[in-house]
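A structural walkthrough
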Amino acid sequence: MSEVIKILLVEDDEDDYFLTSDYLEQCESPKFELTWVTNSLDAIEALKTEDFDLCLLDYLLGAENAIDVLGVLKSNQFSLPVVILTGQSDVTVDEMVMRAGAADYLQKSEIESPRFMRTIRYAMVRRDIENERIERNKVEQKNKAKDKFLAHLGHELRTPLTSILGYTELLIDDARNSPFQQELSIIHSNGKHLLSLLNDLLDMSRIMAEKLELNIKDVNLSAFLTDIHSLMRLNAKDKGLSLNVVSNTKIPEFIKTDPTRLRQVLLNLISNAVKFTDKGSITLTITLDENSTDSEKPQLLRFSVDDTGIGMPPDKLINIFQPFEQIEDVMRANHGGAGLGLAICKELVTKLGGDIDVSSRLGEGSTFTFDIDPGDISKQPLVDLALGQIQTVESSSIDLNVTGRVLIVDDLREIRRLTGHLVSQSQADISYAENGVKALEAVLQADEHNRPFDLVLMDIHMPVMNGIEALHAIRRHGKDIPVIAVTAASRKGLRESLIREGFNDVIGKPIDRFALAQLLSQYLPPGDHVTFTNVEAQVADMPIQKPYAPEENMPTSDGFEPNTNIGIAAEDPPQKKGDGSPSSKRILVIEDDEDAAELLQLFLVHLGHEVTTEYCGVDALSTAQDNDFDHVLMDLTLPDYNGYDLAGELKKQLPNASLTIVSGHEAEQEAMDSIGIDSALLKPVSKDDLASVVGGS
């Protein structure tokens, strides 16, 4: 069937109408359907009641001309292409009508010529292009609106979740509520489940908007799989299931991938397997594709997760990786979920260079299999899978049979003390420095007094002199003392870069005590046998004002040797919290949600700090003008202020205060850097989250 083009002819001369109509009727392809009106008012009425593909408009219509009519059409927001028909060509008139918005112009004598048909076709093509542009713009606007909505939804959901999880955590920690531990645990676990669903929704939004980026790095495969095993085996054990990790082939020692996203896929698949399995086992199998003989195609690394669970019928597997799809009936009734997990897995696996598939037997179990591109492994040695020793949560598994002298360098007092607390659970003697200059002085003075340090834990980002500059200065003085870089950054190649700068090793923030214990064992001289468990037993009965690490003039009866460093200032011993002691801070909380504000205040008071709460930007600025604060915690969405604008003004009023964003929106790193915002926490926040940025116990 040939195309039918609907044309509106605006022409006040009947003869010209018949001429145009006769010519269009003779056309076999395309076919034309012509509607005739004689003035702009009738044209508007016709356009309101019917859709047209094109308008042929006479230049002179009695008292009107084409420019007037084009203005009327534009004011009524009609966007169809308009071709002007003129009695004779006039360059000035032609330019005027084109500037007024006409698609083209023709002399009436050309109606029966090939140029007439070409003009119509060109106008139609331009119309199609314009319509595509308009539709594309509509889609972009819809996507922007959706992203804005999801960001707002995330914030609005995170705020009440903060209260649900936070107050439940406080109740669980209170010994008086021991009769209700089971009920409180149910509330807490369901709150965390809601948070997990929200994170899935936002992850899918980022994927669909193509805003999710990978962070490819070298990954020790055996160590990575050991981590997965240790994370998930307790979940399986709680249901009476066994979790096995095996390999059918030798595997590369290192692969190049995004460990965070690969871990997300594996944890999701294993969690699903545990969820839908009531008895038996779950097995994670790793296989290197060695069958490929095509050197141009990369070898793929295959992961399979098998379970002995309820399985799925074949007809339900077709759409299982589509967003919001779930297996109905028993699976939905018993296990719930938004149906986003597998869709996210598929998208992540695709980004990692592979594909994912599933096979299942109803009542017998399921197998999820996916491949990833492990990078160039042609020069990698292939080794047998060897799961490392799973680190149990019991602290007795950490052997701190070390002594020696350690210098901890960090500009944040709470981080110095936290690191000191970890190191103090050995027999090492500890000193502190707050920047690179003080660290250099400490190292040189210690050598002058024949008590050199055995190890330096050096933060990278510090005022006065940063960690790298301090390391270079120490080396220029001929000191070969081991220096470990301590950094919260995680950019690609950072570890290798710091090693090239001269650091002996690198440890990330927040410091993992197991990783720290390994470094202490590697670099410090051996001492008597000490473990975390028996150290904790040693300090269990200490008064609360005792320090985390050995300090100057500390009585040896407390179980520690005194700090005898000469010329090196030790940290002040912490006092009882909340009484204005050095470890207690004055904190300004700015939060418009009263429940969330009260919860933050409770957490901070429990951590030993003095708290002032304001619910809007104006009151916060007034309070900041009249008081001195050590730290400001603020939401980004306030009733009277843009969060970043308020942060900038607070920085001017409180230049020495640390500033942390606590919000349901993810903070923009560029804005944080330009303003000088120190850190950001994403709601819901726990007491431990707050302790990590403001300190406390």
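Residues numbered from 1 in each chain as written. Predicted model: local features only at pLDDT ≥ 70, side-chain atom pairs only at ≥ 80, totals over all residues. Heavy atoms only, no water.

Structural notes on empty space enclosed by the protein
Quick note on the threshold: Two kinds of site are reported from a 1 Å grid over the protein atoms alone, namely cavities, where a 1.4 Å probe fits but cannot get out, and pockets, open sets with protein on both sides within 12 Å along at least five of seven lines, and residues are called lining when an atom falls within 4 Å of a point. Grid points are joined across faces, edges and corners, and a volume is the space filled by probe spheres set on the points. Per the convention used, a helix needs a DSSP run of H or I reaching at least four residues, while a strand needs a run of E reaching at least two, with both numbered from the N terminus. The nonpolar class holds Ala, Val, Leu, Ile, Met, Phe, Trp, Tyr, Cys and Pro. Asp, Glu, Lys and Arg form the charged class, and all remaining residues, Gly among them, are polar.
Under the counting rule described, the total for this entry stands at 2 cavities of 30 Å³ or more. Here the second largest cavity is characterised by a volume of approximately 40 Å³. If you trace the second largest cavity, you find it lined by V632, L650, K651, L654, A657, S658 and L659. When contributions to the lining of the second largest cavity are tallied by element, the ones reaching two or more residues are helix 19 (643–653) and strand 25 (658–663). Residues belonging to the lining of the second largest cavity are distributed by class as follows: 5 nonpolar, 1 polar and 1 charged.

Observations regarding the packing of aromatic side chains
Note the following rule: Only Phe, Tyr and Trp rings take part, Trp by its six-membered ring, and two of them pair if their centres are within 6.5 Å. Stacked means planes under 30 degrees apart, edge-to-face means over 60, and tilted covers everything else. Should the NZ of a Lys or the CZ of an Arg lie within 6 Å of a ring centre and within 35 degrees of the ring normal, that charge is described as sitting over the ring.
Counting across every chain of the model gives 4 aromatic pairs. Geometrically, the ring pair formed by F321 and F368 is edge-to-face, given 6.2 Å between the ring centres and 85 degrees between the ring planes. Remark: F368 occurs in strand 15 (residues 365–372) and F321 occurs in the loop between strand 13 (301–307) and helix 9 (330–335); sequence separation between them is 47 residues. Following the ring pairs from residue to residue traces out a cluster consisting of Y17, F18 and W36. If you follow K6 out to its NZ or CZ, it ends over the ring of F52, 5.9 Å from the centre. In this structure, R405 is placed above the aromatic ring of F453, and the distance from its NZ or CZ to the ring centre is 4.7 Å.

So, the sheet that holds strand 12 (residues 281–288)
Threshold: Should DSSP find at least two bridges between two strands, the strands are taken to pair. The axes used here are C-alpha line fits, helices contributing only the stretch in contact, and every angle between their N-to-C directions lies in the interval 0 to 180 degrees. Working rule for contacts: check all heavy atoms of both residues, and any pair within 4.5 Å makes them a contact.
If you trace the 5 strands from one edge of the open sheet to the other, you get 9-12-13-15-14, paired in mixed fashion. The open sheet has two edge strands with one neighbour each: strand 9 (242–247) and strand 14 (356–361). For this sheet, the mean inter-axis angle between neighbouring strands, taken without regard to orientation, is 15 degrees. Along the sheet face, helix 7 (residues 221–238) touches strand 9, strand 12 and strand 13 and points at about 165 degrees away from the line of strand 9.

Comments concerning helix 8 (residues 259–275)
What counts, and what does not: Expected span of a helix: the number of residues minus one, times 1.5 Å. Only protein chains enter the accessibility calculation, which uses a 1.4 Å probe; a residue is then buried when its area is under 20% of its type maximum, exposed when over 50%, and partly exposed in between. Two N or O atoms count as a polar contact when they lie within 3.5 Å, although within protein this holds only if one can serve as hydrogen donor and the other as acceptor, and sequence-adjacent residues are included solely when both atoms are side-chain atoms.
The terminal C-alpha atoms of helix 8, which comprises 17 residues, lie 24 Å apart, in line with the 24 Å expected from a rise of 1.5 Å per residue. Every buried residue of helix 8 is accounted for by P259, R261, L262, V265, L266, N268, L269, I270, N272, A273 and V274. The N-capping residue of helix 8, defined by a side-chain oxygen 3.0 Å from the backbone nitrogen of T260, is D258.

Side note on the environment of L106
Summarising the element assignment, L106 is placed in strand 7 (residues 104–107). For L106, a relative accessible area of 1% corresponds to the buried category. When the C-alpha atoms of L106 and T119 are compared, they prove to be 8.0 Å apart, with 13 residues separating the residues in sequence. Excluding anything up to four places from it in sequence, L106 contacts V83, I84, L85, T86, R115, F116 and T119.

Details of unusual backbone geometry
In this structure, the amide linkage connecting K683 to the following residue, P684, adopts the cis form with an omega of 0 degrees. On the secondary structure map, P684 appears in the loop between strand 26 (679–682) and helix 21 (687–694).

Some points on the pattern of salt bridges
As a reminder, the rule being used: Here a salt bridge means any side-chain nitrogen of Lys or Arg lying within 4 Å of a carboxyl oxygen belonging to Asp or Glu.
Tallied over the full model, the rule gives 17 salt bridges. Its salt-bridge partner being K239, residue D278 comes within 3.5 Å of it at the nearest N-O pair. Taken together, the positions of D278 in the loop between helix 8 and strand 12 and K239 in the loop between helix 7 and strand 9 put the pair 39 residues apart, joining distant regions of the chain. Taking the relative accessible area as the measure of exposure, K239 reaches 32% and is therefore partly exposed. Note that R302 is salt-bridged to D371, the shortest N-O span being 2.7 Å. In this pair, R302 is assigned in strand 13 and D371 in strand 15, connecting sequence segments 69 residues apart. Overlapping salt bridges, with partners in common, bring together R405, D429 and R451 in one network.

So, the sheet that holds strand 18 (residues 429–433)
One open sheet holds the 5 strands; their spatial order is 18-17-19-20-21, and the pairing between them is parallel. The sheet is open, and its two edges are formed by strand 18 and strand 21 (505–508), each paired on a single side. The sheet shows a mean angle of 20 degrees between the axes of neighbouring strands, taken without regard to direction. With 4 bridges connecting them, strand 17 (residues 405–409) and strand 19 (residues 455–459) associate as parallel partners. If you follow V409 over to strand 19, its bridge partner there is M458. Contacts between helix 13 (residues 467–476) and the sheet are confined to strand 19 and strand 20 (483–487), with strand 19 contributing the most and set at about 150 degrees to the helix. Each of strand 19, strand 20 and strand 21 is contacted by helix 15 (residues 513–523), which is oriented at about 160 degrees to strand 21, the strand it contacts most.

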